[in-house]
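Now for the letters of each chain:
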Amino acid sequence: MILVFVHELGHFLAAKLFGMRVERFSIGFPPRVWGFQKGDTDYCIGATPLGGYVKISGMIDESMDTEHLEKEPEEWEYRSKPVWQRIVTITAGVIFNMILAFFIYFGMTYSNGKAVLPIQESQGIYVPETSILSEIGFKTGDKIIGVNGKEVTYFSDLVSASELTSDNLNYTVLRDGENVNVPVTPNYLDSLQTRGFLDISYMLPSEISSVPAGRPAAEAGLKAGDKIVSADGEPVNYWVQLVEIIQEADTAINFGVMRGDSLFYASIMPDQESKTIGIASPNPQSLGFERIEYGFFESIGEGYNQTIEQTTGILQGFARMLTGDISVTQNLGGPIAIANITREATDQAGWIGFWNITALLSITLAILNILPIPALDGGHLVFLLYEGITRREPSEKVRMIAQQIGFFLMIGLFIFVMFNDAFRYFGL
């Protein structure tokens with residue numbers, strides 16, 4: 001609703017600016033379920049949630065209305081306006097979606113700043129044997145210091161959208177005092193999302209944040225702040241490593257525990273039903289996160305940078321789909337996927353997560369709409385550019401056929417993503 005409203009608002013305001021008559025401003029497609037008339041415009045909500053549209057007098061659009069073609073153009077009609085005004089009107093929706101993303105990133109940066117983890121704070125990563133990290137070539141203890149030949153300052157730079165979707169993705173790690181290059185071949189690109197990748201959890205130390213009473217760890221005398229440094233004589237440095245050891249144990253484990261400067265040992269039998277001993281993981285903030293605060297003008301620059309960053313990542317992602325490097329079925333989603341991703345983002349980060357995914361989807365909507373496909377803004381733009389260059393307007397018949405083809409392509413795409421979502425999330 002937010003994204004469609006903003007997109008159509010762009011078309012609406014541009015049309016009004018140039019004196020075009022707007023007959024309908026609709027969120028959703030017919031049948032019309034609610035609305036009101038004000039002036040020349042019917043503001044309404046449609047029952048078919050495939051997007052929305054602004055019906056401008058004298059324009060061949062989704063309605064396939066051609067009655068106006070039998071009459072001479074009126075001054076308030078789209079077709080009577082100069083090409084440049086029509087180009088502005090047709091691209092205004094895309095522009096507004098990009099502006100929305102910018103304002104979201106600007107607002108979040110200005111109000112909340114940014115929490116970042118400096119690379120130098122990292123003590124290396126733990127690499128489970130069955131993880132994608134291990135398959136790619138990472139090793140436990142690797143300290144990742146760069147991506148795609150560039151040294152970076154913050155951990156988030158390692159997994160930015162533009163870097164993950166770039167050609168020849170590779171990482172530089174510090175291993176045994178030497179810089180080692182670890183390439184990520186295209187066959188792993190889909191797994192970066194489905195199996196997890198450089199998650200901060202792989203960096204968490206084996207330090208206990210809390211110990212609930214009555215659990216095996218509490219009965220053995222463990223307390224919050226203790227750090228488990230060994231298990232049955234084997235060194236333990238990472239939380240994920242500790243969890244693996246506990247989950248695989250069928251007998252009591254002899255843990256080496258550091259409390260302050262003192263080392264003691266505790267034999268603990270994991271609960272065989274839950275495969276736990278009753279300890280909680282450390283807060284990720286313990287890794288050494290910093291918060292960068294931005295002033296008003298700095299936030300403008302950061303909002304712009306984040307918008308460009310996400311736009312680059314999405315464009316490169318589409319390119320990787322076209323070349324077959326990443327799967328279309330795993331990376332193209334519809335309403336069900338959007339709902340699922342939005343829920344996950346909101347569950348993890350509240351309103352910050354919601355607005356982050358809204359900005360990302362706003363950029364995606366802008367990019368999709370500017371594609372040169374009939375029935376989309378990009379399809380209209382192609383005809384306008386042709387008219388501007390040749391000084392000849394494409395025939396009504398050609399535009400009508402193109403609109404119909406584009407409309408059926410979009411319906412086909414919608415059916416595909418709906419079935420694709422159903423298979424991915426419900427196993428149908």
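(A) Representation of the overall build of the protein within the structure. Each helix and strand counted, the protein has 12 helices and 12 strands in total. Since a compact globule built from 428 residues should have a radius of gyration of about 22 Å, the 28 Å found for the protein marks it as more spread out than a globular shape. Principal axes of the C-alpha set define a box for the protein whose edges measure 90 × 45 × 45 Å. Relative to its 428 residues, the protein shows a buried fraction of 42%. Taking all contacts inside the protein whose residues are at least 6 apart in sequence as the whole, residues at least 24 apart take part in 64%. In the structure as shown, the protein presents an accessible area of about 22400 Å², 58% of it carried by carbon and sulfur atoms. For the protein, the distance from the average position of its 29 positive side-chain charges to the average position of its 49 negative side-chain charges is 7 Å.

(B) Main features of the sheet that holds strand 4 (residues 143–147). Strand order in this open sheet of four strands is 5-4-6-7, and the pairing throughout is antiparallel. The open sheet terminates on both sides in strands that have one partner only, identified here as strand 5 (150–151) and strand 7 (178–183). For strand 4 and strand 6 (residues 170–175), the ladder comprises four bridges, and the chain directions are antiparallel. Across the sheet, residue Ile144 finds its bridge partner in strand 6, namely Val173.

(C) Representation of the pattern of salt bridges in the model. Enumeration according to the criterion identifies 13 salt bridges in this entry. Taking the shortest distance from any N to any O, the salt bridge between Arg32 and Asp42 comes out at 2.8 Å. Pair noted here: Arg32 is in strand 1 (residues 22–38) and Asp42 is in strand 2 (residues 41–56), with a separation of 10 residues, a long-range link. Relative accessible area serves as the criterion here: at 40%, Arg32 is assigned to the partly exposed category. Residue classification places Asp42 among the buried residues on the basis of a relative accessible area of 7%. The partner of Asp226 in a salt bridge is Arg259, and the shortest N-O contact between them spans 2.8 Å. Here Arg259 lies in strand 10 (residues 253–259) and Asp226 lies in the loop between helix 6 (216–219) and strand 8 (227–231), a separation of 33 residues in the sequence.

(D) Spotlight on the environment of Asn420. Along the polypeptide, Asn420 turns up in helix 12 (residues 396–426). For the pair Asn420 and Gly333, spaced 87 residues apart in sequence, the C-alpha to C-alpha distance is 7.2 Å. Among residues more than four places away in sequence, those in contact with Asn420 are Thr329 and Leu332.

(E) Layout of unusual backbone geometry. Between Pro30 and Pro31 the backbone carries a cis peptide bond, its omega angle lying at 10°. Residue placement: Pro31 occurs in strand 1. If you check the backbone angles, Asn168 has positive phi at about 55° while not being a glycine. Tracing the backbone shows Asn168 in the loop between helix 4 (161–164) and strand 6.

(F) Highlighting the packing of aromatic side chains. Counting across every chain of the model gives 20 aromatic pairs. Between the aromatic rings of Trp34 and Phe36, the centroid separation amounts to 6.0 Å while the plane-to-plane angle is 70°, which identifies the pairing as edge-to-face. Here a set of aromatic residues connected by ring pairs shows up, and it is made of Phe5, Phe12, Phe25, Trp34, Phe36 and Tyr43. Just above the ring of Trp76 sits the side chain of Arg21; from NZ or CZ to the centre is 4.1 Å.

(G) Quick look at the environment of Ala220. Note that Ala220 resides in the loop between helix 6 and strand 8. Residue Ala220 is classed as partly exposed on the basis of its relative accessible area of 30%. For the pair Ala220 and Ser267, spaced 47 residues apart in sequence, the C-alpha separation works out to 7.2 Å. What Ala220 contacts, discounting residues up to four positions off in sequence, is Ala266, Ser267 and Ile268.

(H) How the structure looks around the pairing of strand 10. Inspection of the sheet shows strand 8 paired to strand 10 by four bridges, in the antiparallel sense. Residue pairing across strands places Ile228 opposite Val257, the latter belonging to strand 10. Where strand 10 lies against strand 11 (residues 262–268), seven bridges are found, and the strand directions are antiparallel. Residue Arg259 lies in a different strand from strand 11, and its bridge partner there is Ser262.

(I) Molecular detail of the side chain of Asn170. Looking at the secondary structure, you find Asn170 in strand 6. Of note is the side chain of Asn170, whose polar atom sits 2.8 Å from the backbone oxygen of Asn168. Aside from chain neighbours lying at most four places away, what touches Asn170 is Gly146, Val147, Asn148, Gly149, Asn181, Val182, Pro183 and Val184.

(J) Representation of the nonpolar core within the structure. Among the nonpolar cores identified, the biggest contains 50 residues, and Phe138, Tyr171, Phe255 and Ile279 are the most heavily contacted of them. Broken down by secondary-structure element, the contributors of at least two residues to this core are helix 3 (132–136), strand 4, strand 6, strand 8, helix 7 (239–248), strand 10 and strand 11. With four residues, the top contributor of residues to this core is helix 7. Counting 15 residues, the second largest nonpolar core, distinct from the first, contains Val22, Ile56, Ile90 and Leu381.

The rules behind these values
Residues numbered from 1 in each chain as written. Predicted model: local features only at pLDDT ≥ 70, side-chain atom pairs only at ≥ 80, totals over all residues. Heavy atoms only, no water. Helix = DSSP H or I, 4+ residues; strand = E, 2+ residues; numbered from the N terminus. Rg over C-alpha atoms; globule rule 2.2 N^0.38 Å. Buried < 20%, exposed > 50% of the residue type's maximum accessible area, 1.4 Å probe, protein only. Contact = heavy atoms within 4.5 Å. Areas by Shrake-Rupley, 256 points an atom, 1.4 Å probe, with all protein chains shown as cover. Lys, Arg positive; Asp, Glu negative; His and termini not counted. Charge placed at Lys NZ, Arg CZ, Asp CG, Glu CD. Pairing = 2+ DSSP bridges. Salt bridge = Lys/Arg side-chain N within 4 Å of Asp/Glu carboxyl O. Phe/Tyr/Trp six-rings, centres within 6.5 Å; stacked < 30°, edge-to-face > 60°. Lys NZ or Arg CZ within 6 Å of the ring centre and 35° of its normal. Polar contact = N/O pair within 3.5 Å; in protein donor to acceptor, adjacent residues only side chain to side chain. Core = buried A, V, L, I, M, F, W, Y, C linked by side-chain atoms within 4.5 Å.

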